[in-house]
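Each chain, letter by letter, is given below.
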Amino acid sequence: MHSESPQRLPRPPSFDRPVHCILGLPFDAISLPQAVARVRQAVQTRTPLFISTPNLNFLIGSQADAAFRQSVIESDLSLTDGMPIIWLSKLLGTPITERVAGSTLFEVLRSGPAAAGVPPIKVFFFGGPDGVAAIAAQHINAGPHPQGGGMRCVGYTSPGFGSIADMSTPAIIDQVNAAQADFVVVALGAAKGQAWIQHNRAQLHAPVISHLGAVVNFVAGTVSRAPPWAQRFGLEWAWRIKEEPTLWRRYWRDGLGLLALVFLQALPLAWRLRALAPTQAALQAAVVSVAVAGQGDGVVLEMAGAWTAANLPRLLAALQAHATCWQPLTIDCSHTTYADSSVVGALSQLYGYRTRLGLPMACRAPVFLPARSMLEGAAPFR
C-alpha cells in the first residue's frame, strides 16, 4: 500500500462522531441532511473524507473478509445503506434509526442547490460497465446547475477487470488527479472498490471518495432505482433483481447470511444486552486506568466495570490521550462487565486510526461479556 504523504496523514480521532458498532461494523448515527453537510464541508475545506456505505452485503462479506471489514473501520464516515441494518439496530437497541443510502446522498448533492456562490461539486467516475460512465457524465453536465449547487462531471475511466495493482498504476492515479475532482465515485464491486480506495486514498487529491457501485448506472439510466415505497419497506432487493436478474444469487446468499446472523449472533446478543443491563451505580463505579507494561510491551489501558454511552466521555478522554501513543497499545477488557455499541464504536475509531499509521493496538476481551459478539466482530478484538 502507498505510504501516507505528509499532507494526507489522518488526523487523530476527536471521537465526536456518534459511531455505533453492529455485529462488527461501525455505523454513524447521522441523518441525510447531516451527511450532505459533511460532504459539502469536506469539499469546501479540502478535508479528506472516505465514505463507506455498508449494507447487508457489506455486513455478510465482512464476517469472513478481514480486509473488507477493516476498510469500513478506517473510513471517515460510515452510512447505514440498507434497511436490514436498521432492523438489526432496533433489535440490538442501538440508535441507528435512519437509512442514509449512498445513492440518495449522491442525488441530493447532485440536485442541490448549495449555498449561494458555492460552485458545483466536481465528480469523477472510476469504474462501471463500459460506456455507462460516459452517459452518466453527459446526464450530469446537462443539468440545470451550471453556476452553483448541484454537480458536474469532470472525468471518468473504466479500468477493466484487472487486479488492484493493475488499476493503481501511476498513469491511472495521475488521470484521476488531473481532473481536479472534489468527489471520486468508485464502481468496482463492494469489496474490490473498498480495497482500491484503501490502496490509493493517500495518493488521491480529491477530498471525498466513496464506493457507490450502482450510482453510475442510476445516473446513466441503464438501471432504474427502486421507488421510495420499496426502499422504505426493505424491498429494494426485489426491484434490483427485476432490473438486473443476475443479482439474484447475491441476494439469495445475503438473505441466508442474514438469517444466520440473526439467530446465531443478534438474538443471543440482544437477550444478553437486555438481561444484563447495568445499573446507574455500576456505571458510576466504572474506571479506566493506564499502566506501562513490561519492557517492549507498551502501554496497557484497562477498562473495568460497565461502560455505555452514559459514562463514555470518561473513557474517550483516555482514548484521545493515547491515540498517537507510539508504543504498542493494549486495551484490557478482562475486567469489563458490559460494553454497548457506542463503546465498541469508539474503540473501533481508535483502532482504525492507529492501524492507518502502523501503530500496534490489541485488545484482551473477557471470556464472557454481554457485547462479546460485537467485540469479536471488530478487528481489534480478535
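For every chain, the first residue of its written sequence is number 1, and the numbers climb from 1 along that sequence. Under the rules for a predicted model, residues below a pLDDT of 70 receive no local features and side-chain atom pairs below 80 are neither given nor counted, while totals for whole chains, interfaces and linings still include all residues. To get the side-chain values, take all heavy atoms of the structure and skip hydrogens and water.

A.B. asks: Can you help me understand the sheet that holds strand 7 (residues 183-187) in this one?
C.D. replies: Strand pairs in the sheet, formed through backbone hydrogen bonds, run parallel or antiparallel to each other. Note on pairing: DSSP must find at least two bridges between two strands before they are called paired. Under the DSSP-based scheme used, a helix requires at least four consecutive residues in state H or I and a strand at least two consecutive residues in state E, with every element numbered from the N terminus. With respect to topology, six strands assemble into an open sheet ordered 4-3-8-7-5-6, the strand pairing being parallel. Bordering the open sheet on either side are strand 4 (77-78) and strand 6 (151-157), each of which pairs with just one other strand. In this structure, strand 5 (residues 121-127) lies alongside strand 7, joined through five bridges in parallel fashion. For G127, the partnering residue across the bridge sits in strand 7 and is A187. Between two residues, a contact is recorded if the distance between any of their heavy atoms is within 4.5 Å. Axis angles are defined between N-to-C directions and span 0 to 180 degrees, where every axis is a line fitted to C-alpha atoms and, for a helix, only to the segment in contact. This element, helix 6 (residues 132-141), spans strand 5 and strand 6 of the sheet and lies at about 165° to strand 6. Each of strand 5, strand 6 and strand 7 touches helix 7 (residues 170-178); the most contacted strand, strand 5, lies at about 155° to it.

A.B. asks: Please explain the packing of aromatic side chains as it appears in this structure.
C.D. replies: Each aromatic ring pair is characterised by the separation of its centres together with the angle its planes make. Aromatic pairs are defined between Phe, Tyr and Trp rings, using the six-membered ring for Trp, whenever the two ring centres lie within 6.5 Å; interplanar angles under 30 degrees are classed as stacked, those over 60 as edge-to-face, and all others as tilted. Inspection of every chain in the model, using the stated rule, returns four aromatic pairs. Measuring from centroid to centroid gives 4.9 Å for F58 and F68, while their planes differ by 40°, and the two rings are tilted. Here F58, found in helix 2 (residues 56-64), pairs with F68, found in helix 3 (residues 66-73); they are ten residues apart in sequence, far enough to count as distant. Take F58 and F68: they sit in the same class, and that class is buried. Between F126 and W196, the aromatic rings sit 4.1 Å apart at their centres with planes inclined by 20°, giving stacked as the arrangement. Taken as a pair, F126 in strand 5 and W196 in helix 8 (residues 190-200) lie far apart in primary sequence, 70 residues in all. In our convention, an over-ring charge means Lys NZ or Arg CZ found within 6 Å of a ring centre and within 35 degrees of that ring's normal. The ring of W239 carries K242 above its face, with NZ or CZ at 4.1 Å from the centroid. Sitting over the ring of Y251, R250 keeps its end group 4.7 Å from the ring centre. Residue burial is assigned from relative accessible area. The probe radius is 1.4 Å, only protein chains are included, and a residue is buried under 20% of its type maximum, exposed over 50%, and partly exposed in between.

A.B. asks: Looking at this structure, how should I read the state of the cysteines?
C.D. replies: The term disulfide refers to a covalent linkage connecting the sulfur atoms of a pair of cysteines. Criterion for a disulfide: a pair of cysteine sulfur atoms at a distance within 2.5 Å. Evaluation of the coordinates by the stated rule reveals zero disulfides. No disulfide involves C363; its nearest neighbouring cysteine sulfur is the one of C333, lying 3.6 Å away. Judged by its relative accessible area of 11%, C363 falls in the buried class.

A.B. asks: Please clarify how a nonpolar patch on the surface should be interpreted in this entry.
C.D. replies: To count toward a patch, a residue needs a relative accessible area above 30% and no salt bridge. Like charges then connect within 9 Å, nonpolar side chains (Val, Leu, Ile, Met, Phe, Trp, Tyr) within 5 Å. To be clear on the numbers: accessible area is Shrake-Rupley with a 1.4 Å probe, and residue cover counts the displayed protein chains and nothing else. The working definition used for a salt bridge is a side-chain nitrogen of Lys or Arg within 4 Å of a carboxyl oxygen of Asp or Glu. A surface patch of nonpolar side chains, about 810 Å² in accessible area, is lined by W248, W252, L256, L259, F263, L264 and L267. Note on placement: W252 falls in helix 12 (residues 248-275). Relative accessible area serves as the criterion here: at 55%, W252 is assigned to the exposed category.

A.B. asks: Looking at this structure, how should I read empty space enclosed by the protein?
C.D. replies: Rolled over the atoms, a probe as big as a water molecule pinpoints where empty space is left. Points on a 1 Å grid, built from protein atoms alone, make a cavity when a 1.4 Å probe fits but cannot get out and make a pocket when they are open with protein on both sides within 12 Å along at least 5 of 7 lines; residues with an atom within 4 Å of a point are the lining residues. Grid points are joined across faces, edges and corners, and a volume is the space filled by probe spheres set on the points. The final tally for this structure, using the stated rule, is one cavity of 30 Å³ or more. Size it by volume and the largest cavity reaches roughly 30 Å³. Along the walls of the largest cavity sit R17, V19, P26, V72, I73, S75, G345, S348 and Q349, which together make up its complete lining. If you list the elements that add at least two residues to the lining of the largest cavity, you get helix 3 and helix 15 (341-356). Looking at the lining of the largest cavity residue by residue, the class counts come to four nonpolar, four polar and one charged. Under the grouping applied here, Gly and all other residues not named as nonpolar or charged are polar, the nonpolar ones being Ala, Val, Leu, Ile, Met, Phe, Trp, Tyr, Cys and Pro and the charged ones Asp, Glu, Lys and Arg.

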